[in-house]
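# Structural features, examined
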Amino acid sequence: MARSTAREKGGIWETVKTVFWALLIAGVFRTLFFQPFWIPSGSMKDTLLIGDFLFVNKMAYGYSRHSCPFSLCPVSGRILGREPQRGDVVVFRHPTRGVDFVKRVIGLPGDTIQVTQGQVILNGQPVPQTPNGVFAEAKLPQGPGRNLPRCWNEPVAEGGLCEKQRFTETLPNGVEHDVLNILDDWPLDDTPVFTVPAGSYFFMGDNRDNSEDSRVPAVAGGLGFVPAEYLIGRADRIMFSAAGSSLLYFWTWRADRFFRAVH
């Protein structure tokens, strides 16, 4: 009986050690290399859809205290830091809300940025936009929040075809990406001139009329400029995607988006 009890205790201890080392290895992997990130909103359509599941490349820009869960890394500033490129899709910690966001880098330190009638004016030059058809989706509740998408072709009944105007935007470094338009007179279609301070970045969502981004200053309750230390990593590839409110609903999986590169 004593031998059996000793073996049971030894087995329990081995299990505890296995779980401990597995969690430690997973934590180190998540902190240093790749962090999972699920897309909860439609601000980056049609590049990223609600229900896309990403692995964020945390090696791309180096490490800061926000590289660890709950921003607990004992790091001051950034180590092994590298600058993002204009057009990168980046996951970062919101400077005032303490939650993770994903947007596209539009402005680098020293840039001037203004939006006029929905077009980005970067360092005094309009960023070209070329019409690229429409982005269409069913007007149905999306994600766990069960929010209905907004449509350019309103009114659209629930279940109908919801369309948004699509344009291909070409940044000065040659990066091309699609942006969507819902309304021609959306308040953020016209902004003052912003000058990006040193060590910070200007972010915008691709779904321009449905994105909370750097066009709204932090003092007004928006995102504002994002300091480099808040960058977490670059969104490189969609690993999995589901259109339903749960990943278990296999009939809502979007197989055509599995392993798709993010541009």
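The name given to the chain in an unreviewed UniProt entry is Signal peptidase I, with the source organism recorded as Paracoccus contaminans. The Catalytic activity (unreviewed entry) field of the UniProt record for the chain holds the comment "Cleavage of hydrophobic, N-terminal signal or leader sequences from secreted and periplasmic proteins." Of the comments in the UniProt record for the chain, the one headed Subcellular location (unreviewed entry) reads "Membrane".

## Here's the deal with unusual backbone geometry
For the peptide bond that leads from K45 to D46, omega is 0 degrees, which places it in the cis range. Cis peptide bonds are those with omega within 30 degrees of zero, and the linkage from E154 to P155 qualifies with 0 degrees. Even without glycine at this site, Q117 takes up a positive phi of about 50 degrees. Secondary-structure assignment places Q117 in the loop between strand 5 (112-116) and strand 6 (119-122). Residue N123 is not a glycine yet carries a positive backbone phi of 50 degrees.

## Notes on the sheet that holds strand 10 (residues 176-181)
Backbone-to-backbone hydrogen bonds join strands into a sheet, with any given pair of strands oriented parallel or antiparallel. Strand order across the open sheet formed by three strands is 8-9-10, with antiparallel pairing between neighbours. Two strands bound the open sheet, and with one partner strand each, they are strand 8 (129-138) and strand 10. Going across the sheet, the axis of each strand differs from the next one's by a mean of 35 degrees, ignoring polarity. Here strand 8 runs beside strand 9 (residues 161-170); their pairing, made up of eight bridges, is antiparallel.

## Notes on the state of the cysteines
Cysteine pairs can be linked by a disulfide, which is a covalent bond between their two sulfur atoms. Counted under the stated rule, the structure contains one disulfide. Disulfide partner of C151: C162, at an S-S distance of 2.1 Å. Measuring handedness by torsion sign, the sulfur bridge of C151 and C162 sits at about -120 degrees and is left-handed. Of this pair, C151 sits in the loop between strand 8 and strand 9 while C162 sits in strand 9; the two residues are eleven residues apart in sequence, bridging distant segments of the chain. Comparing C151 with C162 shows no difference in burial state: the two are buried.

## So, the side chain of N57
Secondary-structure assignment places N57 in strand 2 (residues 52-57). Side-chain polar atoms of N57 contact the backbone nitrogen of A60, separated by 3.5 Å. A polar contact is formed between the side chain of N57 and the side chain of D236, at a distance of 3.2 Å.

## Some details on the pattern of salt bridges
Inspection of the entire model under this criterion finds 15 salt bridges. Among the ionic pairs, R254 bridges to D52, the shortest N-O distance being 3.6 Å. Taken together, the positions of R254 in the loop between strand 14 (231-241) and strand 15 (260-261) and D52 in strand 2 put the pair 202 residues apart, joining distant regions of the chain. Accessibility assignment for this pair places R254 and D52 in one class, buried. Notably, a salt bridge pairs R104 with D206, separated by 2.8 Å at the nearest N-O pair. Of the two residues, R104 sits in strand 4 (residues 100-107) while D206 sits in the loop between strand 12 (200-204) and strand 13 (226-227), which places them 102 residues apart along the sequence. For the residue pair R104 and D206, the accessibility class agrees, reading buried in each case. By sharing partners, the salt bridges in this structure join K45, E137 and K164 into a single network.

## Details of the sheet that holds strand 5
Ordered in space as 7-6-5-11, the four strands form an open sheet in which the pairing is antiparallel. The open sheet has two edge strands with one neighbour each: strand 7 (125-126) and strand 11 (194-195). Bridge analysis of strand 6 against strand 7 gives two bridges, and the strand direction is antiparallel. Bridged to I121 within strand 7 is P126.

## Structural notes on a nonpolar patch on the surface
Side chains of L248, Y249, F250, W251 and W253 sit close together on the surface and give an oily, nonpolar patch of about 660 Å² of accessible area. Looking at W251, the relative accessible area reads 60%, which means it is exposed.

Rules behind the numbers
- Residues numbered from 1 in each chain as written.
- Predicted model: local features only at pLDDT ≥ 70, side-chain atom pairs only at ≥ 80, totals over all residues.
- Heavy atoms only, no water.
- UniProt positions renumbered as here; feature names shortened; annotations may be inferred.
- Helix = DSSP H or I, 4+ residues; strand = E, 2+ residues; numbered from the N terminus.
- Pairing = 2+ DSSP bridges.
- Axes fitted to C-alpha atoms, helices over the stretch in contact; angles between N-to-C directions.
- Disulfide = S-S within 2.5 Å.
- Buried < 20%, exposed > 50% of the residue type's maximum accessible area, 1.4 Å probe, protein only.
- Polar contact = N/O pair within 3.5 Å; in protein donor to acceptor, adjacent residues only side chain to side chain.
- Salt bridge = Lys/Arg side-chain N within 4 Å of Asp/Glu carboxyl O.
- Patch = residues over 30% accessible without salt bridge, like charges linked within 9 Å, V, L, I, M, F, W, Y side chains within 5 Å.
- Areas by Shrake-Rupley, 256 points an atom, 1.4 Å probe, with all protein chains shown as cover.

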